[in-house]
Amino acid sequence: MHSIVAKAQLSPNVTRLDVTAPRIAQIRKPGQFVIVRRGEDAERIPLTIADADAAAGTIALVIQSVGKSTQELVALKPGEAIADIAGPLGHPTELIASGRALCIGGGVGTAVVHPIAQGLKRCGVAVLSIIGGRSKEWVIFESELRQLGEVVVCTDDGSYGRHGFVTDAAKDALAAGGIDVVYAVGPVPMMRAVVNVTKPLGVRTIVSLNPVMVDGTGMCGGCRVGVGGQTLFACVDGPEFDGHLVDFDLLMDRLGTYRDFEQRALAACKDGTCKVGLK
Ligand code: NAD
Ligand code: FES
């Protein structure tokens, strides 16, 4: 069992849970994730390791509560526990060894960018982070990223920082030059928009993909993604890929596959029944 030692609300639907997982805290690398199961009958949820404290033996999980399972997970309180945490899974981020990196985080994706920026800083790379949210209350990990380099905050409604999408600020940063690599994590339309900016400029761009995952070990095929004309598995071949090669249309399509089922599961849970069949 993995005890929850701290809980914080980062934005209206994003919660941070710090949980005990001593071995994972010691060996995890930027870009890696875990699969969490709240209890015996619970769904398996893939979550990036947003931070870790090896001395305390804890990892930070950042959860966007959008469905039944994520709502149940964020309902846990400090002192309660998660039954299983499997990991670290996936390939670590391909970090450059010197130069300047642009890290772009959209919404909850900013939590995924944080360990990448930490790793880059440790390598001596200069980090510029551009992070965005719908409005001020949706911006997360700003203070943590400010400890790692320069940060530009954007909000869709202009309520904080620069008015507009992260891609608007990214265009300006790339036009100014001196960026060796871009790491982008967030909603699929955001990552696609980033790639549309960087591809003509020939700036290498790494994106983190979040398809549906089940086992996280390459067995079920649920996390298939198209990259450079090949079918790859995000759990074992990723989750990070060369953004210039990703088939974003396929990713969007596959992400929508279980949307109806997820909505019915959530509605059923609100009705108090908490059970829904696959038909
Ligand atoms: P959101 O919709 O609130 O968007 C966050 C920011 O992304 C916006 O403020 C804007 O700056 C930028 N953005 C959004 N759409 C854009 C577009 N079309 N063009 C340019 N920029 C755009 O984000 P959210 O609700 O926090 O994010 C949720 C999404 O992120 C979910 O779909 C989730 O699956 C995905 N996600 C991805 C990963 C990953 O590893 N790739 C991890 C966690 C979540
Ligand atoms: Fe099953 Fe990747 S989650 S193959």
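Look a little higher up for the structure.
Worth saying up front: this structure is predicted, and the values here are computed from it rather than measured.

*Asks:* I'm lost on the overall build of the protein in this one. Help?
*Replies:* Secondary structure assignment for the protein yields nine helices and 16 strands. Since a compact globule built from 279 residues should have a radius of gyration of about 19 Å, the 18 Å found for the protein is in line with a globular shape. Expressed as lengths along the three principal axes of its C-alpha atoms, the size of the protein is roughly 55 × 40 × 40 Å. For the protein, buried positions account for 49% of its 279 residues. Restricting the contact set of the protein to residue pairs at least 6 apart, pairs at least 24 apart contribute 62%. With 28 positive and 29 negative side-chain charges, the protein shows a spacing of 2 Å between the two charge centroids.

*Asks:* Honestly, the sheet that holds strand E12 (residues 181-185) in this entry has me stumped. Any pointers?
*Replies:* Strands belonging to one sheet form pairs held by backbone hydrogen bonds; the direction of such a pair is parallel or antiparallel. Spatial strand order, E11-E10-E9-E8-E12-E13-E16: seven strands in an open sheet with mixed pairing. Looking at which strands have only one partner, the edges of the open sheet turn out to be strand E11 (162-163) and strand E16 (240-242). Bridge count for strand E10 (residues 150-155) against E11 is two bridges, and the pairing is parallel. Bridge pairing links Thr155 to His163 in E11.

*Asks:* Any chance you could explain the pattern of salt bridges here in plain terms?
*Replies:* Note that side chains of opposite charge can pair when their charged atoms are close. In total, this model carries nine salt bridges according to the counting rule given. Two residues, Arg37 and Asp84, come together in a salt bridge whose shortest N-O distance is 2.6 Å. You can see Arg37 sitting in strand E3 (residues 33-37) and its partner Asp84 sitting in strand E7 (residues 84-89), a full 47 residues away along the chain. Arg37 sits in the partly exposed class, given a relative accessible area of 23%. Of the charged contacts in the structure, one is a salt bridge between Asp249 and Arg192, with a shortest N-O distance of 3.1 Å. Of this pair, Asp249 sits in helix H8 (residues 248-255) while Arg192 sits in helix H6 (residues 188-201), and the two are 57 residues apart along the sequence.

Cut-off values and rules
Residues numbered from 1 in each chain as written. Chains lettered and ligands numbered in written order. Predicted model: local features only at pLDDT ≥ 70, side-chain atom pairs only at ≥ 80, totals over all residues. Heavy atoms only, no water. Helix = DSSP H or I, 4+ residues; strand = E, 2+ residues; numbered from the N terminus. Rg over C-alpha atoms; globule rule 2.2 N^0.38 Å. Buried < 20%, exposed > 50% of the residue type's maximum accessible area, 1.4 Å probe, protein only. Contact = heavy atoms within 4.5 Å. Lys, Arg positive; Asp, Glu negative; His and termini not counted. Charge placed at Lys NZ, Arg CZ, Asp CG, Glu CD. Pairing = 2+ DSSP bridges. Salt bridge = Lys/Arg side-chain N within 4 Å of Asp/Glu carboxyl O.

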